[in-house]
Amino acid sequence: MPRDTLTGSRIRERRVMAGIKQSELAKRADISPSYLNLIEHNRRRIGGKLLINIADALGVEPTSLTEGAETALLATLREAASNTDMGEGEFARVEEFAGRFPGWAALLAENQRRIETLQSSVEALTDRLTHDPHLAAALHDMLSTVTAIRATAGILADTRELEPEWRERFHRNINEDSARLANSSQALVGYLDEPGETDAALSSPQEELEAFLNEYGYHFDSLENLPEGEGGADSIAEILDEGRERLQSASAQAMARSHLERYLNDACRLPLRQLKPALQRHGTDPAALSQALDTDLTTVMRRLAALPATAGAGEVGLVSCDASGTLILRKPLAGFALPRFGAACPLWPLFQALSRPLSPIRQVVRQSARDGGVFLTYAIAQPCARRGNQLSDPLYEAHMAMLPLDGVAAEERPPLELGVNCRICPRENCAGRREPSILTDGF
Amino acid sequence: MGKHVLVIEDEPNIIEAISFILMRDGWTVDTHANGHDALDAVREHAPDLVILDVMLPGRSGYDILTDLRAAPATRDLPVLMLTARGQAKDRELAERLGASRFMTKPFSNAEVLDALRSLVPS
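Small disclaimer: the values here were computed from a predicted structure and weren't measured.

### Thoughts on the interface of chain A and chain B
- The interface is formed by 15 residues belonging to chain A together with 15 residues belonging to chain B.
- Looking at the side of chain A that touches chain B, the elements that each hand over two or more residues are α10 (133-158) and α11 (164-193) of chain A.
- In terms of residues, the side of chain A that touches chain B owes the most to one element, α10(A), which gives 12 residues.
- Tallied by class, residues from the side of chain A that touches chain B come to seven nonpolar, six polar and two charged.

Here it is, written out as structure tokens:
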């Protein structure tokens with residue numbers, strides 16, 4: 001969300017001046033306090049009826065909240081001062097300060113805004129971890145259903161002589177509740193292991209990067225077909241400028257720049273004009289393409305994951321990790337679940353590849369926690385940098401491409417069973433388990 | 001005529017199961033399924049004990065408990081709170097607001113009966 005206005009700051013200023021608690025104003029405006037908090041920290045755009053409602057609740061004209069750019073600086077400075085024990089006399093001289101030292105005032109205001117942004121990020125992270133409303137609602141629903149089942153089952157088990165109509169009614173209730181429990185369990189697992197749908201939930205630079213890449217479908221047309229990459233730097237700058245809305249944090253912008261530079265390099269090494277004809281002959285099989293195009297497997301996998309939808313070549317997912325096993329890129333593939341939080345399943349070929357650098361792994365897999373979809377994966381670990389000079393040990397990154405197995409010749413060997421991550425994986429006696437599963441052991 | 005309990009809970013199958021258990025145990029049972037007019041239901045039924053769910057449509061069980069404790073007529077009314085959140089802070093909040101007992105879902109029928117019998121001895 002761009003910080004294109006400071007309407008939120010003005011709302012906060014007016015509210016504080018009026019001595020109204022945030023929760024009270026939220027109630028009057030018929031929104032949640034957490035949403036008002038985001039508005040007040042300029043993390044959400046506001047307009048229309050909600051703006052009018054808040055202005056009414058504050059007893060001010062809506063325009064007084066949306067206009068007055070010259071007051072934005074003063075509002076921010078007052079807010080910065082309100083967090084200190086500055087005396088009233090000095091507090092009242094804020095306009096004089098801004099007028100006499102505009103540069104210092106702007107710097108102070110900018111720092112205040114950065115603090116607010118950081119606080120918002122911390123609040124969002126904390127909220128997500130401890131008060132996720134979807135998670136809370138899903139768990140409440142599940143526990144209520146389990147309670148109903150337990151109470152009803154207890155009656156059926158403990159009551160020796162139960163009238164037929166009661167028995168029938170309780171059987172029906174258990175049947176209904178067990179179906180509801182199955183649905184809510186599936187919904188919960190789906191929620192936990194699918195990426196978030198809205199930017200409201202974005203709280204880490206990596207998630208910002210992924211939202212940005214998703215918006216472009218992981219394909220950047222302006223970086224394709226540049227002779228020797230000429231003009232690539234300008235194109236990257238334009239893309240980053242266009243993506244400002246998604247890439248709010250400096251970390252996300254740096255990560256996006258790094259991704260785009262690697263993309264440009266890949267596009268120069270394996271241009272679409274070479275890749276497309278090969279796709280006609282070999283399909284999306286990375287190994288076959290690597291051999292036919294005399295290009296390393298990693299570059300081929302990244303280029304497949306960056307194909308435009310118009311290429312008609314079928315979807316290819318890609319995950320990459322650094323030498324610590326931390327996922328640094330997650331291009332999703334329908335049906336292949338990627339962990340939303342925390343580390344992935346250690347059984348993934350991606351991590352096996354780290355233990356045998358430069359040796360490609362071809363592995364058919366099935367995620368047991370999902371609907372049983374079978375996928376063909378290719379994984380390889382390659383050096384990406386050195387710790388020091390040319391004689392020092394290299395650092396490795398591993399990459400794994402995932403392809404739907406539809407249309408690929410039937411495999412002789414049974415697929416490798418693996419999960420998404422331990423918390424939501426029901427596999428029992430798994431050698432790779434790091435922590436108990438909430439599906440089998442509860443919270 | 002047995003003791004009179006009002007069950008304020010929005011999950012119909014929990015209501016049905018609890019009602020059955022309590023009626024078999026000799027209680028007179030009334031039920032109410034939402035929070036916003038739960039206080040009216042308490043005044044209307046004048047129960048000996050209330051079983052109160054925390055998460056109710058319309059109004060939280062904590063808010064209802066607060067109002068019950070503020071009114072002279074219900075200040076000492078035994079209230080058994082039911083919640084799906086069993087963390088210590090939830091229990092502490094319920095106790096601070098004046099809950100007589102606090103029970104975390106899922107619970108067994110025997111636990112409910114024991115709690116009620118201890119709160120309203122026959």
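### A few points about unusual backbone geometry
- The peptide bond linking B:K105 to B:P106 adopts the cis configuration, its omega dihedral lying at -5 degrees.
- For B:P106, the location among the structural elements is in the loop between β5 (101-104) and α5 (109-119).
- Phi is positive for A:Y218, which is not a glycine, with a value near 65 degrees.
- Tracing the sequence through the fold places A:Y218 in the loop between α12 (205-215) and α13 (232-242).
- Looking at A:Y218, the number of C-beta atoms within 10 Å reads 22, which means it is buried.
- Residues other than glycine seldom take positive phi values, yet A:L358 does so here, at roughly 70 degrees.
- As for its position among the elements, A:L358 is in the loop between α18 (349-354) and β3 (361-367).
- When the 12 C-beta atoms within 10 Å are taken as the criterion, A:L358 is described as exposed.

### Some remarks on α12(A)
Residues and elements named next belong to chain A.
- All of the buried residues in α12 are E208, L209, E210, A211, F212 and L213.
- Looking at the buried side of α12, the elements it contacts are α14 (250-269) and β2 (327-331).
- Immediately downstream of α12, the backbone of G217 shows phi near 60 degrees, a positive value.

### Describing the sheet that holds β3(A)
All names here are of chain A.
- Strand order in the open sheet formed by six strands is β2-β1-β5-β4-β3-β6, with mixed pairing between adjacent strands. This sheet does not close on itself; its edge strands, each paired only once, are β2 and β6 (416-418). Recorded for the sheet is a direction-independent mean angle of 30 degrees between the axes of neighbouring strands.
- Across six bridges, the pairing between strand β1 (residues 317-322) and strand β5 (residues 394-404) is antiparallel. Bridge pairing links V319 to M400 in β5.

So, how was this worked out
The residue count restarts for each chain, going from 1 along the sequence in the order it is written. Labels are handed out in written order, letters beginning with A for the chains and numbers beginning with 1 for the ligands. The predicted origin of the model limits local features to residues at a pLDDT of at least 70 and limits the giving and counting of side-chain atom pairs to 80 or more, whereas totals for whole chains, interfaces and linings rest on all residues. Two residues form a contact once the distance between their C-beta atoms, set from the backbone, is within 7 Å. Helical segments are the DSSP runs of H or I of at least four residues, strand segments are the runs of E of at least two, and each set is numbered from the N terminus. Residues are grouped as follows: Ala, Val, Leu, Ile, Met, Phe, Trp, Tyr, Cys and Pro are nonpolar; Asp, Glu, Lys and Arg are charged; every other residue, Gly included, is polar. Put simply, a residue is buried when 20 or more other C-beta atoms lie within 10 Å of its own C-beta and exposed when 12 or fewer do; between those, it is partly exposed, and each C-beta is set from the backbone. The rule for pairing is simple: two strands pair if DSSP sees at least two bridges between them. In this analysis, axes come from line fits to C-alpha atoms, helices being fitted only over the stretch in contact, and the angle between any two N-to-C directions falls in the range 0 to 180 degrees.

Read these as spatial facts, not as claims about activity.
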